[in-house]
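Working through the structure, step by step
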Amino acid sequence: MLDAKTLRTALQEVSRTMTANRQYLIELDQRNGDGDLGISMDEGFAAASAFLDASAETDLGKLFVGMSKAFNEAAPSSLGTILSLYMMGAARVLKGRETADTAALGEALTAGVAKIMERTGSKPGEKTVLDALDPAARALSEHAAEGASAALQAAAMAARAGSDSTAAMKAVHGRAAYYGDKAIGLVDGGSIAGALLFEALARVANQ
Amino acid sequence: MKKIINKPANFVDEVMEGIVAAYGDRVRFLNGDRRILLSNTPVREGKVGIVTAGGSGHLPVFLGYVGQGMLDGCAVGNVFASPSAERMANTIRACDRGNGVLCLYGNYGGDNMNFDMACEMVELEDDIQTRTVRVKDDVASAPAAEASRRRGVAGMVYAFKAAGASAAEGRTLNEVAQVAQKALDNIRTMGVALSPCIVPEVGKPTFSIAENEVEIGMGIHGEPGIEVRPMMTADAVVDLMLDKLLADLPLEAGSKVSVMVNGLGATPKEELLIAYRRVHQVLSGKQVQLVMPYVGEFATSMEMAGFSLTLFKLDAELEALLRAPASTPFFTNENI
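Since the model is a prediction, treat every value here as computed from it, not as a measurement.

1. Details of the overall build of chain A
- Counting its regular elements, chain A contains nine helices and zero strands.
- Sequence-ordered secondary structure for chain A, helices as α and strands as β, is α-α-α-α-α-α-α-α-α.
- Radius of gyration (C-alpha) of chain A: 16 Å, near the 17 Å computed for a compact globule of 207 residues.
- By principal-axis analysis of the C-alpha atoms, chain A measures approximately 45 × 35 × 30 Å.
- Looking at the 207 residues of chain A, the share that counts as buried comes to 57%.
- Here chain A has roughly 8500 Å² of accessible surface; of this, 54% comes from carbon and sulfur atoms.
- Taken as two groups, the 20 positive and 25 negative side-chain charges of chain A have centres that lie 3 Å from each other.

2. Description of the environment of B:Leu124
- Within the element layout of this structure, B:Leu124 appears in helix α3 (residues 109-126).
- For B:Leu124, a relative accessible area of 8% puts it in the buried group.
- Along the sequence, B:Leu124 and B:Ser327 sit 203 residues apart, while their C-alpha atoms lie 33 Å from each other.
- With sequence-adjacent residues up to four places away left out, B:Leu124 is seen in contact with A:Val65, A:Met88, A:Ala91, A:Arg92 and A:Lys95.

3. Section: the sheet that holds strand β2 (residues 33-39) of chain B
Residues and elements named next belong to chain B.
- On the basis of which strands lie adjacent, the open sheet formed by six strands has the order β1-β2-β4-β3-β5-β6 and mixed pairing. Strand pairing shows two members of the sheet lacking a second neighbour, β1 (27-30) and β6 (130-135), which therefore form its edges. When strand polarity is set aside, the average angle formed by the axes of neighbouring strands in this sheet is 25°.
- Sheet topology places strand β3 (residues 49-56) next to strand β5 (residues 101-106); three bridges connect them, and they run parallel. For Val51, the partnering residue across the bridge sits in β5 and is Cys103.
- Across the face of the sheet, helix α5 (residues 173-185) comes into contact with β3, β5 and β6 while running at roughly 5° to β6.

4. Concerning the domain arrangement of chain B
All names here are of chain B.
- Partitioning chain B into domains gives domain 1 (8-185) and domain 2 (187-315).
- Summarising the inter-unit geometry, the C-alpha centres of domain 1 and domain 2 are found 23 Å apart.
- Tallying the contact residues gives 30 residues for domain 1 and 34 residues for domain 2.
- Area buried by domain 1 at its contact with domain 2 is led by Phe80, Val139 and Tyr158, which between them contribute 25% of it.
- Linking domain 1 to domain 2 there are three salt bridges.
- Here Asp315 and Lys182 are joined by a salt bridge, their closest N and O atoms 2.6 Å apart.

5. Thoughts on empty space enclosed by the protein
- Within the structure shown, the criterion is met by two cavities of 30 Å³ or more.
- Among the elements that make up the lining of the largest cavity, the one with the highest residue count is strand β7 (residues 187-195) of chain B (three residues).
- Looking at which domains feed residues into the lining of the largest cavity, each of domain 1 (8-185) and domain 2 (187-315) of chain B supplies at least three.
- The computed volume of the second largest cavity comes to approximately 30 Å³.
- Surrounding the second largest cavity, A:Met18, A:Met41, A:Phe45, A:Leu83, A:Val129, A:Gly190, A:Ala193, A:Gly194 and A:Leu197 form its lining.
- Of all the secondary structure elements, the ones that give two or more residues to the lining of the second largest cavity are α3 (37-54) and α9 (189-206) of chain A.
- Counting residues per element, the lining of the second largest cavity draws most heavily on α9(A), at four residues.
- Taken together, the residues of the lining of the second largest cavity break down into seven nonpolar, two polar and no charged.

6. Section: the layout of surface pockets
All names here are of chain A.
- Approximately 590 Å³ is the volume attributed to the second largest pocket.
- Lining the second largest pocket are 29 residues, with Leu2, Ala10, Leu105, Leu152 and Leu201 sitting closest to its centre.
- Elements that contribute at least two residues to the lining of the second largest pocket include exactly α1 (4-20), α4 (60-74), α5 (78-94), α6 (102-120), α8 (148-165) and α9.
- The element that contributes the greatest number of residues to the lining of the second largest pocket is α1, accounting for six residues.

7. Looking at the interface of chain B and chain A
- Chain B puts 14 residues into the contact, and the matching count from chain A is 16 residues.
- For the chain B and chain A pair, buried surface summed over both sides reaches about 1400 Å², with 57% attributable to carbon and sulfur atoms.
- When the buried area of chain B at its contact with chain A is split by residue, B:Met113, B:Glu120 and B:Leu124 rank highest and sum to 46% of it.
- Linking chain B with chain A are seven salt bridges, by the criterion used here.
- In this assembly, chain B and chain A are joined by seven residue pairs in polar contact (both at pLDDT 80 or more).
- Elements supplying a minimum of two residues to the side of chain B that touches chain A: α2 (85-94), α3 and β6 of chain B.
- For the side of chain B that touches chain A, the leading source of residues is α3(B), giving 10 residues.
- Across the side of chain B that touches chain A, the residue classes break down as six nonpolar, two polar and six charged.

8. Things to note about the environment of B:Ala53
Residues and elements named next belong to chain B.
- Its place among the elements puts Ala53 in strand β3.
- The exposure class of Ala53 is buried, given its relative accessible area of 0%.
- It is 9.8 Å that separates the C-alpha atoms of Ala53 and Arg35, two residues lying 18 residues apart in sequence.
- When near neighbours in sequence (up to four residues on either side) are disregarded, Ala53 contacts Phe62, Cys74, Ala75, Pro83, Met88, Tyr105, Asp111 and Phe115.

9. A few points about the packing of aromatic side chains
- Counted by the stated rule, this structure contains nine aromatic pairs over all chains.
- Summarising the aromatic geometry, the rings of A:Phe45 and A:Phe71 are spaced 4.8 Å apart at their centres and angled 80° between planes, so their arrangement reads as edge-to-face. Of this pair, A:Phe45 sits in helix α3 while A:Phe71 sits in helix α4; the two residues are 26 residues apart in sequence, bridging distant segments of the chain. For the pair A:Phe45 and A:Phe71, one class covers both residues: buried.
- Measuring from ring centre to ring centre gives 4.2 Å for B:Tyr105 and B:Phe115, while their planes differ by 20°; the resulting arrangement is stacked. Within this pair, whereas B:Tyr105 is found in strand β5, its partner B:Phe115 is found in helix α3, the two being separated by 10 residues in sequence.
- Note on B:Tyr105: relative accessible area 0%, which makes it buried.
- Here the aromatic cluster, defined as three or more aromatic residues joined through ring pairs, consists of B:Tyr65, B:Tyr158, B:Phe160, B:Tyr294, B:Phe298, B:Phe312 and B:Phe331.

Conventions adopted
- Residues numbered from 1 in each chain as written.
- Chains lettered and ligands numbered in written order.
- Predicted model: local features only at pLDDT ≥ 70, side-chain atom pairs only at ≥ 80, totals over all residues.
- Heavy atoms only, no water.
- Helix = DSSP H or I, 4+ residues; strand = E, 2+ residues; numbered from the N terminus.
- Rg over C-alpha atoms; globule rule 2.2 N^0.38 Å.
- Buried < 20%, exposed > 50% of the residue type's maximum accessible area, 1.4 Å probe, protein only.
- Areas by Shrake-Rupley, 256 points an atom, 1.4 Å probe, with all protein chains shown as cover.
- Lys, Arg positive; Asp, Glu negative; His and termini not counted.
- Charge placed at Lys NZ, Arg CZ, Asp CG, Glu CD.
- Contact = heavy atoms within 4.5 Å.
- Pairing = 2+ DSSP bridges.
- Axes fitted to C-alpha atoms, helices over the stretch in contact; angles between N-to-C directions.
- Domains from an automatic or database assignment.
- Buried area = accessible area lost by both parts, 1.4 Å probe.
- Salt bridge = Lys/Arg side-chain N within 4 Å of Asp/Glu carboxyl O.
- 1 Å grid on protein atoms, 1.4 Å probe; cavity = no way out; pocket = protein on both sides within 12 Å on 5 of 7 lines; lining within 4 Å.
- Points joined across faces, edges and corners; volume = space filled by probe spheres on them.
- Nonpolar A, V, L, I, M, F, W, Y, C, P; charged D, E, K, R; others polar.
- Polar contact = N/O pair within 3.5 Å; in protein donor to acceptor, adjacent residues only side chain to side chain.
- Phe/Tyr/Trp six-rings, centres within 6.5 Å; stacked < 30°, edge-to-face > 60°.

In structure tokens:
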């Protein structure tokens with residue numbers, strides 16, 4: 001069951017994961033981006049986690065808004081803002097709730113994916129973070145009845161598989177698009193950050 | 001680098017202090033924040049708010065058009081960098097009187113992202129209605145088939161004017177957004193550059209243009225243009241620009257247009273008038289009627305030399321909006 005306390009624990013694990021992968025993500029991004037991916041994921045999730053640690057708020061919607069703003073301020077890069085929009089989209093669904101079951105979380109994260117698509121005009125299949133976040137949200141909803149741990153495990157696997165599938169894709173957005181066909185064969189760095197996010201959440205749910 | 005500055009790091013803040021020192025009768029900071037400029041004329045009951053935002057280094061764009069009849073507020077970033085979403089959201093909040101706010105700004109990645117985020121924030125937290133219209137007038141930045149990727153340049157000044165005048169008439173948010181888009185559908189710009197600009201904190205030009213060359217289609221942050229050519233005469237360069245612009249926005253005989261010849265920062269007004277003279281010759285020859293010319297600096301790029309040419313095709317509605325009164329630090333309707 002997601003509430004303020006479990007959300008706090010979850011974001012602490014996500015933040016630790018991004019810190020541990022900071023250098024790895026920087027190096028990934030340097031192949032076809034500008035190298036700031038590891039920095040913005042590390043600092044963005046650290047700020048979101050710090051916000052939750054300091055907040056006494058119990059409304060999940062307000063907590064997601066606060067995370068989103070903290071994340072955006074700490075990581076105003078393109079991917080940083082995309083993930084902030086993701087949290088904003090989820091916040092709309094969670095507004096007014098102090099707890100959310102796995103089905104509600106699936107619904108919220110699906111709304112987050114829809115918000116990114118609406119605001120950025122991008123969609124899955126274009127070698128972006130959406131290729132991890134979209135299958136993860138779907139898997140979470142599909143497996144919701146099996147409980148949080150199993151559903152997040154499925155979401156993490158779907159995110160990783162989605163990320164792996166970006167290797168065959170051609171980038172159409174951002175700096176990576178300048179590389180065109182040359183980037184085919186490389187996995188998208190943003191989608192790897194998405195996979196790391198859901199793997200961290202699955203670990204927390206398993207504890 | 002030789003500039004009239006103090007510490008490069010203080011460049012934007014000191015410019016903003018200068019703006020309020022000089023034009024404090026018309027504009028002010030929001031709660032002392034030197035990165036948010038508001039009109040001294042508060043958004044009146046029943047009026048839609050209009051805000052913009054963008055990086056510094058382009059005066060009078062963007063903040064120079066905050067005032068009566070144009071923009072209600074503007075969030076200001078560092079040189080050539082978007083302001084934060086939080087500042088944009090604060091600007092939107094300050095300009096909403098319950099009738100919603102139009103976010104009207106140039107199509108650049110950072111500004112798009114941050115404005116999207118800001119609109120989400122005010123919709124979710126404050127129930128403020130927003131509409132977004134992005135300026136994409138630079139024909140050199142992408143072909144017509146990919147017009148949605150085009151950047152926003154000097155033509156945004158016309159859009160600010162049309163949207164501002166329609167909001168002043170008391171039109172609704174949707175109507176103001178529609179008229180801004182209608183204006184933009186009739187606005188096209190193209191620029192040429194002769195020399196680069198220097199960002200104060202960088203201290204040296206970020207690109208170069210050879211002494212005997214002109215870069216056709218360069219963006220206002222030095223984005224690469226369409227081609228580099230040997231230096232040409234004023235008439236030849238205007239003819240080339242008009243060819244590109246008219247291919248995108250045909251002007252039939254009898255149509256009416258306002259033309260803006262905009263200096264990029266280091267081009268004398270004399271040269272701008274030589275360019276305008278040629279535009280006038282060519283368009284008059286096509287039986288196009290030129291009204292309300294704008295010749296001067298409207299959207300610059302620090303000390304870049306060169307100019308841009310903007311065509312604004314007018315119908316009766318757009319002409320009336322362009323002629324409506326406005327009073328901002330850098331724009332008044334002297335052409336009436």
